[in-house]
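# Results of the structural survey
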Amino acid sequence: MPETNYVIEMLGITKQFGDFKANDNINLKVKKGEIHALLGENGAGKSTLMNILSGLLEPTSGEIRVNGEKVDISSPGVADKLGIGMVHQHFMLVDKFTVTENIILGSEKTKAGFLDKKEAQKEIKALSERYGLFVDPTARVEAISVGMQQRVEILKTLYRGTDILILDEPTAVLTPQEITELMEIMHSLTKEGKSIIIITHKLEEIKQVADQCTVIRRGQSIDTVEVAETSSQQLADMMVGRSVTFKVPKEEAQPKETVLSIQDLTVKESRGLEAVKHFNLDIHAGEIVGIAGVDGNGQSELIQAITGLTKVESGTITLNSKNITNLPPRKITEAGVGHIPEDRQKYGLILPMTLYENISLQEYYKEPFSKNGILNGNAMKKNARKLIDEFDVRTQNEYNTASSLSGGNQQKAIIAREVSRDPDLLIAAQPTRGLDVGAIEYIHKRLIEHRDHGKAVLLMSFELDEIMNVSDRIVVMFEGEIAGIVDPKDVTQQELGLLMAGSSVEKAKAMADQDGGKESANVK
Amino acid sequence: MLNENKGAKVNILVPVLSVVLGLILGAIIMLAFGYDPMAGYQAMLRGAFGSPFYIGEMLRYASPLIVIGLGFSVANTAGFFNIGVAGQVLLGWLCSVWVAISFPNWPGYLLLPISVLAGVAAGALWAGIAGFLRAYFNTSEVIVTIMLNYTALYTTNYLVRNVLTDSADTTPPIPKQASLRADWLSNISGGSRLNMGIFISLILIVVVMILMQKTTLGYEIRSVGMNTFASRYAGMNTKQNIILSMVISGGLAGLGGVMEGLGTFENIFVQGAMPALGYDGMAVALLGLSSPAGILFAALLFAILKIGGTSMPLGSGVPTEVVDIVIASIIFFVGANYLIRFFIDKRARANVKKGGAE
Ligand SMILES: Nc1ncnc2c1ncn2[C@@H]1O[C@H](COP(=O)(O)OP(=O)(O)OP(=O)(O)O)[C@@H](O)[C@H]1O
Ligand SMILES: [Mg+2]
């Protein structure tokens, strides 16, 4: 075997989709036992490059070496054998299967022709203890949290003997606590000599875990840098190719009349438990109200109830003094609500449809997009082209299917559709999940602009930075109730963290003062 | 994965290859039984194209297959497997004949359209039941329509024996003015049973194409079929769309039955089993990849196989049973097109590799 320091060398990789070069002569070298970050704008070609490494895509040209040896990764099976495993940006689990069944899927061990689940379970248990990846092997995937699902994905690769683990935006869907845990898991993996390639848009995460960082811009590798010697600002500027501001400047809010009024709202979740309990909140024109909270404290149900996707148990929701409680979704949309949904692939897009059809999803039945039930394809396409341009959705053209867009660009397409309708109330749930810093800056600008046009914005996010920077008022939700309403100007991240963990405003302030913000309720 | 053009090419390649492989397997089977495959296929072609009569019969057989295939594809686009097309065909057939023989004194311009509509409505209603149950009680449309198939079969036989006739197996023929046949069509096709159904089918290909691609209803049906959650988010009435797509599907299937009742047979008789036309229509939709143009070609292919096949025993000595095996093997490959797709993908990858190394 040739002598080399690198476990992975990708040399001059080019990948073409039609005339479009998603990867253009990219170089990436990863050392054994290191955590290597891949940074780049939405649509820069990161997922494409990693799909090539994991055998899902074939490069148009270029060479891949594993441990110095030239290899031809023609299928995921070959990648498996080479010890390369990938956890995808959008998980690939079977909802109805248990954790164990998902992990062994495709490499089942059998005893006399029958599945040997006992043995598999033992092995999975051993693996999870070794790396601190605790999961319930008998739970069904549909019943466990997203963070748990991700552990299942990681276990799946480890079960197959992965030495080189690829994580495509693993933290986009995680809560701050889960992110901390993931980082510990990553360290325990590299201690055992495994190498990790991680894609993330969050610069502080790169600073925290990565040793090296390769920056990709528009399909080309710009540079590989030592993380310890590079600042977040430098990384961001290198990636976007211009100077980026992390905090969009904004004026003091000028709240006016009430747009949304929620009174004594109770909503049940799918299992029949109360997810939102006797909730009261007013949102005014000209303000951005941020909803903070640990995932699963009723935020999703609250938004689903406002938008008509979930039944309201009791209480009323009024929009511009019109009662919209339990109206069908279209009536609510027409009353003036725009909704950037939390789960973009499930609710926000119809993936196999073209981009222009997706952009017309909320207005296809209205003029000029249709008349007397006949669609006007040209009007739809024209509008799509305008929005693609305005919101910088990176795609070849409007005929591309939504599924062919990169994750971040899918999100931008949804935001374009919802914001451009100029709704009186814009509900943005995790609007910048999976977006690069440049795009986040842009989206934040648009949200603030929307506010300044005299509209109301409801922002739900697990990102404390985002909540603190963009909101004019922060509502913290805990177990379906309001734990506190605070002004972002006089609250610290620590205090916010304590509130999210269920303490009262006074208590949080006192506690935060006491321990000077050392360790605060698992919030980073 | 591939760009648009290449994707389209592969899409056409798959059904074409399915057919070719099916023909090869059919030839091997004929050889194995000691018959000459060339003679067999020649007899089949003669049986489908050999004279105006054969061409007429072949087109006659294709007509209902086209609308039935279209019907199946509409439900399929909305995400439902309407296995009940056969029952919907049968009821369409029954009701069109029933109305036609009930009002023998009505003028043609009234009787013909009303008989046609009766058949369409019967198929639509039958499928609509499954759609309604699916929309409001989330029952599986597959199981419901299979059960409705049996109900349709036995109801039809009961009605033919006890209501439309006095314990006879066959109803009297429909009045002349209610028939879809036209003298000029019979004349140019050597006295075949070719009827106006073929024109109705050709028009409906265009109509369904426009419906699915150019109307808001088609847009909604496609959306619901691909992602119900997003469709609900976009304010579409998913329940209504589920029912509507099944109603359209059943109406088209019923129209296929109408062509049998008012065109091919001009009566209805006691059925031993579900009409094969229903299942062939499903195969046609699958072979045609649920696209209207694809369905046209698939229906013609099926008609050539079926009508041409009937000439094989006489023309080449291949017995009917072997003819059926040959036809079945072609259909098998059509159904197994996943396999073919897999090999095409593999070859494409191999080519990329070769191209990439240079
Ligand atoms: N199958 C495909 N057909 C056509 N274009 C594609 C296809 N897959 C990806 N692309 C294009 O290639 C580019 C790179 O996509 P990729 O998913 O690699 O981006 P990314 O860097 O992972 O972005 P993100 O951070 O948003 O996930 C995008 O412009 C995308 O539209
Ligand atoms: Mg990506």
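In what follows, the structure referred to is the one given above.
These remarks concern the structure in this document. (Residues numbered from 1 in each chain as written. Chains lettered and ligands numbered in written order. Predicted model: local features only at pLDDT ≥ 70, side-chain atom pairs only at ≥ 80, totals over all residues. Heavy atoms only, no water.)

## A look at the packing of helix α3 (residues 52-77) of chain B against helix α12 (residues 276-287) of chain B
All names here are of chain B. Remark: α3 packs on α12, axes separated minimally by 7 Å, with the N-to-C direction vectors making an angle of 65°. In this structure, the crossing between α3 and α12 has a hand that is right-handed. Of the residues in α12, those in contact with Tyr61, Pro64, Leu65, Ile68, Gly69, Phe72 and Ser73 of α3 are Leu277, Gly278, Asp280, Gly281, Met282, Val284, Ala285 and Leu286. Here the contact of α3 with α12 is composed, by residue class, of 10 nonpolar, four polar and one charged. (Axes fitted to C-alpha atoms, helices over the stretch in contact; angles between N-to-C directions. Helix = DSSP H or I, 4+ residues; strand = E, 2+ residues; numbered from the N terminus. Left-handed = near helix turned anticlockwise from the far one by under 90°. Contact = heavy atoms within 4.5 Å. Nonpolar A, V, L, I, M, F, W, Y, C, P; charged D, E, K, R; others polar.)

## Comments concerning the site of ligand 1
Residues and elements named next belong to chain A. Around ligand 1, a shell composed of 21 residues is seen, among which Gly43, Ser47, Thr48, Ser406 and Gly408 lie nearest. Within the side chain of Lys46, a nitrogen or oxygen atom sits 2.8 Å from an oxygen atom of ligand 1. Contact distances for ligand 1 include 2.7 Å between an oxygen atom and a side-chain N or O atom of Ser406. Surface burial for ligand 1 is 90%, taken as the share of its 640 Å² of free accessible area covered by protein chains. Secondary-structure elements contributing two or more residues to the shell around ligand 1 are β2 (20-31), α1 (46-53) and α14 (407-420). (Near = heavy atom within 4 Å. Polar contact = N/O pair within 3.5 Å; in protein donor to acceptor, adjacent residues only side chain to side chain. Areas by Shrake-Rupley, 256 points an atom, 1.4 Å probe, with all protein chains shown as cover.)

## Some details on the interface of chain A and chain B
Between chain A and chain B, the residue contacts involve 39 residues of the former and 25 residues of the latter. Buried area between chain A and chain B, summed over both chains or domains, comes out near 2,700 Å², and the portion from carbon and sulfur atoms is 57%. Of the charged contacts in the structure, one is a salt bridge between B:Arg222 and A:Glu357, with a shortest N-O distance of 2.9 Å. Contributing elements (two or more residues each) for the side of chain A that touches chain B: α10 (329-334), α11 (344-348), β20 (374-375) and α14 of chain A. (Buried area = accessible area lost by both parts, 1.4 Å probe. Salt bridge = Lys/Arg side-chain N within 4 Å of Asp/Glu carboxyl O.)

## Things to note about helix α8 (residues 197-214) of chain B
All names here are of chain B. Here α8 contains 18 residues, and its C-alpha end-to-end distance of 25 Å stays within 8% of the 26 Å for a straight helix at 1.5 Å per residue. The complete set of buried residues in α8 reads Gly197, Ile198, Ser201, Leu204, Ile205, Val208, Leu211 and Met212. Against the buried residues of α8 lie α3, α9 (216-226), α11 (238-264) and α13 (292-309). (Expected span 1.5 Å × (residues − 1). Buried < 20%, exposed > 50% of the residue type's maximum accessible area, 1.4 Å probe, protein only.)

## Side note on the sheet that holds strand β9 (residues 164-168) of chain A
Two modes of strand pairing occur in sheets, parallel and antiparallel, and in both the strands are linked by backbone hydrogen bonds. All names here are of chain A. On the basis of which strands lie adjacent, the open sheet formed by six strands has the order β6-β9-β10-β3-β11-β12 and mixed pairing. The sheet terminates laterally at β6 (84-87) and β12 (220-226), the two strands that pair on one side only. Going from strand to strand, the sheet's axes swing by 20° on average, the running direction of each strand aside. Sheet topology places strand β3 (residues 35-40) next to strand β11 (residues 212-217); five bridges connect them, and they run parallel. Bridge pairing links Gly40 to Ile216 in β11. Contacting β6 and β9, helix α5 (residues 146-159) runs over the sheet at an angle of about 170° to β6. Along the sheet face, helix α8 (residues 232-240) touches β3, β11 and β12 and points at about 30° away from the line of β11. (Pairing = 2+ DSSP bridges.)

Such coordinate-based values are descriptive only and should not be taken to indicate function.
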